[in-house]
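Notes for the structure review
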Amino acid sequence: MCQITSQNDVIPKEDCRLSIGKSCMKCQEPATVVARLHDPFCSNCFQAYFTHRFRATFGKSKAVRNGEKVLIAFSGGHSSCVMLHLVKEGLAEGVHKKLRYQPGVIYVDENVCLEQDEEERNAQMRKIETWLKESTFPAYVICIEEVMSKCNPGYRLISGDQSHDAEDGHGNLPTENAMKEEFKQLLENTSSLTTKEDLIQKLRLKLLKQIAKQLGYTKIMFGDSGTRLATVLLGNLAKGHGETVHQDMSFLDTRGEEVAIIRPMREFTSKEIALFSHQCCLQPVFIPRISTKASRLASIDTLTEDFVNGLQSNFPATVTTVLKTGAKLTSDEETVGKRHTCVLCQSPVDSSSSASSASAATQYSMSLRKSGTVYSSSSSEPEAACEVARDDASCCGEGDGSCQSAKKNEELTSADLSVVMCYGCRVMMRDVKSLDRLPNSVLADVQRQKRRDEMRLEIEDFLLDGSEEG
Amino acid sequence: MPVACRMCGGPAVLKRPKTGDAVCKDCFFYAFENEVNYTITNGNLFKRGDRVAVGASGGKDSTVLAYILKLLNERHDYGIELILLSVDEGITGYRDDSLETVKRNQHQYDLPLKIVSYEDLYGWTMDAIVKQIGLKNNCTFCGVFRRQALDRGAMLLKANKIATGHNADDIAETVLMNVLRGDIARLRRCTAITTGAEGGLPRCKPLKYTYEKEIVMYAYFKKLDYFSTECIYSPNAYRGHARTYLKDLERIRPSSIIDLIHSGESLSIKKDVKMPVQGTCTRCGYISSNAICKACTLLEGLNKGLPKLAIGKSNKSRRLLDAASQSSDSTNEKTSPKEKKKDVTF
Ligand SMILES: [Zn+2]
Ligand SMILES: [Zn+2]
Ligand SMILES: [Zn+2]
Ligand SMILES: [Zn+2]
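Residues numbered from 1 in each chain as written. Chains lettered and ligands numbered in written order. Predicted model: local features only at pLDDT ≥ 70, side-chain atom pairs only at ≥ 80, totals over all residues. Heavy atoms only, no water.

1. Structural notes on the overall build of chain B
What counts here: In this text, helices come from DSSP runs of H or I with a minimum length of four residues, and strands from runs of E with a minimum of two, each type numbered from the N-terminal end. Residue contacts are defined here by distance: any two heavy atoms, one from each residue, within 4.5 Å place the two residues in contact. A 1.4 Å probe and the Shrake-Rupley method give the accessible areas. Residues count as covered only by the protein chains that appear here.
Of regular secondary structure, chain B possesses 14 helices and 11 strands. Across chain B, every contact between residues at least 6 apart in sequence was considered, and the portion connecting residues at least 24 apart equals 68%. With the model as given, the accessible surface of chain B reaches about 14700 Å², and the carbon-plus-sulfur share is 53%.

2. Some details on the pattern of salt bridges
The criterion, for reference: Salt bridges are defined as contacts in which a side-chain nitrogen from Lys or Arg sits within 4 Å of a carboxyl oxygen from Asp or Glu.
Scanning the entire structure with this criterion turns up 44 salt bridges over all chains. Each of Asp248, Asp253, Arg255 and Arg263 of chain A takes part in a single network of salt bridges with overlapping partners.

3. Some words on the domain arrangement of chain B
Many structure descriptions define interface size as the accessible area lost when the parts assemble. Residues and elements named next belong to chain B. Put simply, the rule is: Segmentation of the chain into domains, including their bounds, is taken from an automatic or database domain assignment. Computed with a 1.4 Å rolling probe, the buried area is the accessible surface lost when two parts are put together, summed over both parts. Polar contact is defined as a pair of N or O atoms within 3.5 Å, subject to the rule that within protein one atom must be able to donate a hydrogen and the other to accept it, and that residues adjacent in sequence are counted only when both atoms are side-chain atoms. Residues are grouped as follows: nonpolar covers Ala, Val, Leu, Ile, Met, Phe, Trp, Tyr, Cys and Pro; charged covers Asp, Glu, Lys and Arg; every other residue, Gly included, is treated as polar.
Partitioning chain B into structural domains gives domain 1 (27-265) and domain 2 (279-335). Taken residue by residue, the interface counts 17 residues in domain 1 and 15 residues in domain 2. Interface area for domain 1 against domain 2, summed over the two sides, is near 1500 Å², with a carbon-plus-sulfur share of 70%. Per-residue buried area on domain 1 facing domain 2 is highest for Trp124, Phe141 and Gln148; these three make up 30% of the total on that side. The tally of links from domain 1 across to domain 2 stands at 0 salt bridges. Counting the contacts that link domain 1 with domain 2 gives 1 residue pair in polar contact (both at pLDDT 80 or more). Only helix 5 (126-133) and helix 6 (138-156) provide two or more residues apiece to the side of domain 1 that touches domain 2. Here the element with the most residues in the side of domain 1 that touches domain 2 is helix 6; it accounts for 8 residues. Classifying every residue of the side of domain 1 that touches domain 2 gives 7 nonpolar, 5 polar and 5 charged.

4. A word on the UniProt feature "binding site: ATP" (unreviewed entry) in chain B
Residues and elements named next belong to chain B. The line we're drawing: UniProt positions are given in the numbering used here, feature names are shortened, and annotations may be inferred rather than shown by experiment.
Annotation from UniProt places "binding site: ATP" (unreviewed entry) at Gly55, Ala56, Ser57, Asp61, Val87, Gly165 and Asp170. As for its position among the elements, Asp61 is in helix 2 (residues 60-75). Contact partners of Asp61, with chain neighbours within four places excluded, come to Gly165, Asn167, Asp170, Leu207 and Ile215. Residue placement: Val87 occurs in strand 4 (residues 81-88). The contact partners of Val87, leaving out residues within four places of it in the chain, are Ala56, Arg95, Val116, Tyr118, Ala149 and Leu150.

5. Some words on a negative patch on the surface
Going by this rule: Patch construction takes residues with relative accessible area above 30% that form no salt bridge. Like charges are linked within 9 Å, and nonpolar side chains (Val, Leu, Ile, Met, Phe, Trp, Tyr) are linked within 5 Å. The charged-residue count follows a simple rule in which Lys and Arg add positive charge and Asp and Glu add negative charge, with His and chain termini not counted at all. Note that the charge is assigned to NZ on lysines, CZ on arginines, CG on aspartates and CD on glutamates.
On the surface, Asp117, Glu118, Glu119 and Glu120 of chain A cluster together to form a negatively charged patch. Here Glu118 of chain A shows up in helix 3 (residues 118-134).

6. Quick look at the interface of chain B and chain A
Taken together, the contact between chain B and chain A spans 67 residues of the former and 66 residues of the latter. On the chain B side of the interface with chain A, the three residues burying the most area are Tyr238, Tyr245 and Arg253 of chain B, jointly 11% of the side's total. Between chain B and chain A we count 3 salt bridges in total. One salt bridge in this structure joins Arg296 of chain A and Asp248 of chain B, with 2.9 Å as the shortest N-O distance.

7. Regarding the sheet that holds strand 5 (residues 113-117) of chain B
All names here are of chain B. Selection criterion: Two strands qualify as a pair provided that DSSP identifies no fewer than 2 bridges between them.
Read from one edge of the open sheet, 6 strands run 5-4-3-6-8-7, paired in mixed fashion. In this open sheet, the two edge strands, each paired with only one partner strand, are strand 5 and strand 7 (194-195). Relative to strand 6 (residues 161-163), strand 3 (residues 51-55) runs parallel, the two being bridged by 3 bridges. Paired with Val54 across the two strands is Ala163, which belongs to strand 6.

8. Focus: the pairing of strand 4 (residues 102-109) of chain A
Residues and elements named next belong to chain A. Applicable threshold: For each residue, the accessible area found with a 1.4 Å probe, counting protein chains only, is set against the maximum for its type, and the residue is called buried under 20%, exposed over 50%, and partly exposed in between.
Counting buried positions along strand 4 gives 7 out of 8 residues, so the element sits mostly inside the fold. As paired elements, strand 3 (residues 69-74) and strand 4 share 6 bridges and run parallel to each other. Opposite Ile72, over in strand 4, you have Val105 as the bridge partner. As judged from the 5 bridges shared by strand 4 and strand 5 (residues 139-143), these two strands associate in the parallel manner. Across the sheet, the residue bridging to Asp109 is Cys143, located in strand 5.

9. Description of the coordination of the zinc ion (ligand 2)
Residues and elements named next belong to chain A. The condition that has to hold: Here a donor is an N, O or S atom found within 2.8 Å of the metal, or within 3.2 Å if the metal is Na, K or Ca; sites may look incomplete because water is not among the atoms. Geometry is assigned from the angles between donors: four donors with all angles from 85 to 135 degrees make a tetrahedral site, four or six donors whose opposite pairs exceed 155 degrees while the rest stay between 65 and 115 make square planar or octahedral sites respectively, and everything else is labelled irregular.
Surrounding the zinc ion (ligand 2) are the protein donor atoms Cys342 (SG), Cys345 (SG), Cys422 (SG) and Cys425 (SG), which sit 2.3 Å from the metal. Coordination at the zinc ion (ligand 2) comes from 4 donor atoms whose angles at the metal span 105 to 118°, giving a geometry best classed as tetrahedral. Here the donor residues for the zinc ion (ligand 2) map to a single chain with the spacing C-x2-C-x76-C-x2-C. Of the two residues, Cys345 is situated in the loop between helix 11 (333-336) and helix 12 (358-368) and Cys425 in helix 15 (residues 423-429); the sequence distance between them amounts to 80 residues. Pair check on accessibility: Cys345 and Cys425 agree, each one buried.

10. Observations regarding the sheet that holds strand 8 (residues 252-253) of chain A
Pairing within the open sheet is mixed, and its 7 strands lie in the order 6-5-4-3-7-9-8 (chain A). Each of the sheet's edge strands pairs with one partner strand only, and the pair in question is strand 6 (156-159) and strand 8 of chain A.

11. Topic: the environment of Trp124 of chain B
Residue and element names in this part refer to chain B. Relative to the helices and strands, Trp124 is located in the loop between helix 4 (118-122) and helix 5. Residues Trp124 and Phe227 lie 103 residues apart in sequence; the distance between their C-alpha atoms is 25 Å. Discounting residues that sit within four places of it in the chain, Trp124 has contacts with Tyr118, Glu119, Ile129, Gln132, Leu299, Leu302 and Asn303. Here Asn303 takes part through its side chain, which lies 2.9 Å from a polar atom of the side chain of Trp124.

Right, here's the structure in full:
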C-alpha cells in the first residue's frame, strides 16, 4: 500500500552552499565561514559568536551554582578540546564575564577495550596529559576497568590539589590486573558490538558519577555536540530507550540523585566545532575506540551516525529538528516518581501499566517459546566468575558492608531484571552471556532493590496511599 | 543434521525474523496467529457485534489481515462481522491487478467486498489528478484522499470500525519520520493501537506488533494470494532514507523494530508544548486541525484548476486559495459551506 499517511511529508531543504563572496553579517569583512544554517561570518566574529553562545547556555539555564565544583569529562576529541579551551579562556577573563564554577578535568582511559600498540598508546597518553596539565585545573586519569572495583575506584592525579589522598583505591598491581581481566571478560561475553559500545558508555558514566561524588564534584560536563546528541537520540529510540531521550540531549540531565550532567556543546554542530577548533589551532588527540574502523552495519551506533551524517549533509536542518523534537518530550510525569530506577542507566523502569504495548507483546512472544529462559544465567560457568571475584581480597575497609564481595553466587534471572532494569537495558542484556560478570556495584544495586521490594511486600498492608519510597 | 524447532523439537524449517528462533512451520503458524490474537484481545480491539471494515488493497498486509481475522474470529468466537473494503484510486494498471486479487480473496475467504472509487468519492481519479499536477506531488493527494476514502466507504457499509494492515515496520517508520520531521502531535498519536473518534470511525491495527517479514513468511507458507502493490510512485527521498535505516537496524538487531515502537509508546509530550486543536472540517465533518480539512482543500484546488496552491502547509494554502478565488471567480464563493458539504458527504 502507498505509505504516505502524512499531509506534510516535506522536509525543507536548506541552502547550505558556502557563501563565497558574501560578507560577514557582523562587521562586513569578507566572510570565511558559514555558521548555523546560513550566517556568514569572518573568523574573528565567528569566534566571538561561538564563545558568546557557549557562555550563554550557562547563563540561560542557571544550572551551575556559584562556586560549584564541575568535572569536565575530556576525551581528546575536537569537541572536548574546544570545550576545555573555552572554559579555560572564560576563567582567565575579567571578573564580570567569569565563569563562576570550579572546574576539574578527567580523562577516562579505555585502553582495556582495545588491542593497541604500546608505543602508539604511550604517545597518545602523553598528548592527553599535556592537555590535562595545560588546563591548569585539577586533573585526573581513571581507567574504565575501575568500574569493576569493589570499593572506591582508583585514579591518577595528573595535577592539582592533593587534598584527597589514597588516590589509588587499592594501590597494588594484582588488583588492577584482576579488574582489567574482569572487564575484558565482560566484553568477551558480550555478543554484539552494539551492546559492547552501550555497556562501555553506561559503565563509563557510572564510573564518572562515582568518582565525581568521591572527589566532591556535583556536576559533570560532557562535550557532546548537537550532531552527536541527535545521533544518540535516534540511536536510543531504536534501542528502546524512548522514555528518556529528552534527558540524553538536554543541557542539564539530573538522572541519579547526586551528580548531574551538563552538555554545553549541544548548541553546535560537529561542523561548527571543527571549524572553531581549526581556527584556534587546537590539537585534538585521536584515540581509537572499539568501533573505530568498524563498518556502517557493525552496530546501531555506527549505523545511526552514518544515517544522521547523510541526512545532515542533504538536509542541514536535520540535527536542529531532531533536537527540537527531543526538547518537547518528557517522562511520564504521573508515574515516574513511583517507579524503580534502572541499575544501569538510572532511567525509570517501565511500568507494565499499559495492557497493550510493545513490551507486553514481546513478553508474550517470549512466553510462546516453551523451552523457557530468555536470559541464560550463570549456571553455565559459575566457577570462572567466582575465581576472579575471590582472587583479590584487598579492600578499602569500609565498614558499612558496601565493600563485601557482592554475592556473585546469587543468580540473576530475567524476572529480577524486569524489576531493576529499564526496557532498553533489558534488550541490551540479551547480548550479555553471563550477567554475573557485571560490575559489583551494579549487582549490589540489584540485590538492594530486590531486598527493598521484599521489605515493601511485607509491610504493604500498612502503607498509606501516596507512599512512594522507591 | 536439521536444526531442531525451538518450540516443539521437531525439524525446523525457518528462522523467525522477529526472534531469530528456528521453528517448524506449524509452530510458526501457532506463534504468529496467537500473537495477533493476543494483540486483539489484549488491546480490546473488537467487541461482540462489531461490524468491521477491513481495508483491503490486495497487498500482503491486508491479505494476511483479512485471512487471519476471518480465522481468529471463527477460532476464538469474537462474534464480529467482517467486510472487505477496497479503494480504487483510479490509477490505470496499478489497481487493476490488485483489485482482481481482492475479488479472488472475496471468494476464497467468503467475505463480502465493497469497492469505492476516488471518482465516486471526489469526482477525480488519480490519473486525472496526475494529468493536472504532474508526478511530483501526487502522493500527497493519494495519501490524503485514501485516509478519508476508507472512512467514507466504511460508513457506506454501516461498519462501526475499520481494521487496517499497518504492521510493526510501518509504525516504527512513522515514529522515526515524526521525530525527524518534528511533528510532535503525530508522534504522540502514531503508536496508538486504535485511533480516530469524532468525525471518523475508530481504526485499529491488529498487525501493529507483527513484523513485515513474518507477514510475507506467513503468506508464503499459507500460500496466500497477494499482489505486490508497491506504489508506482516511489516515496520521497527523505522517507526513503528512513526506510533504509530501519531495514539496516533490523539487520543489526532484529528487535529494533519493536524497540522503536516501545520507544514511541513511552514518549510523553511536555505539558507546555502547544498542540494543534483537533476539530472537524466545516465542509465535510471529517476530523481536522484546521477549519477546512486537507482533502477539501486539495479538492478545492483541483476544482479551481489551482491544485498546486493546495499543497503544503494548510494555513498557507488556505490563504492562497482564498486570494485566488477572490480575484478569479467570486461566484464560487456563493456556495455556502453547508451546500458544499453535500459534494463530499454521502
Ligand atoms: Zn566579522
Ligand atoms: Zn536502563
Ligand atoms: Zn515446532
Ligand atoms: Zn473536509
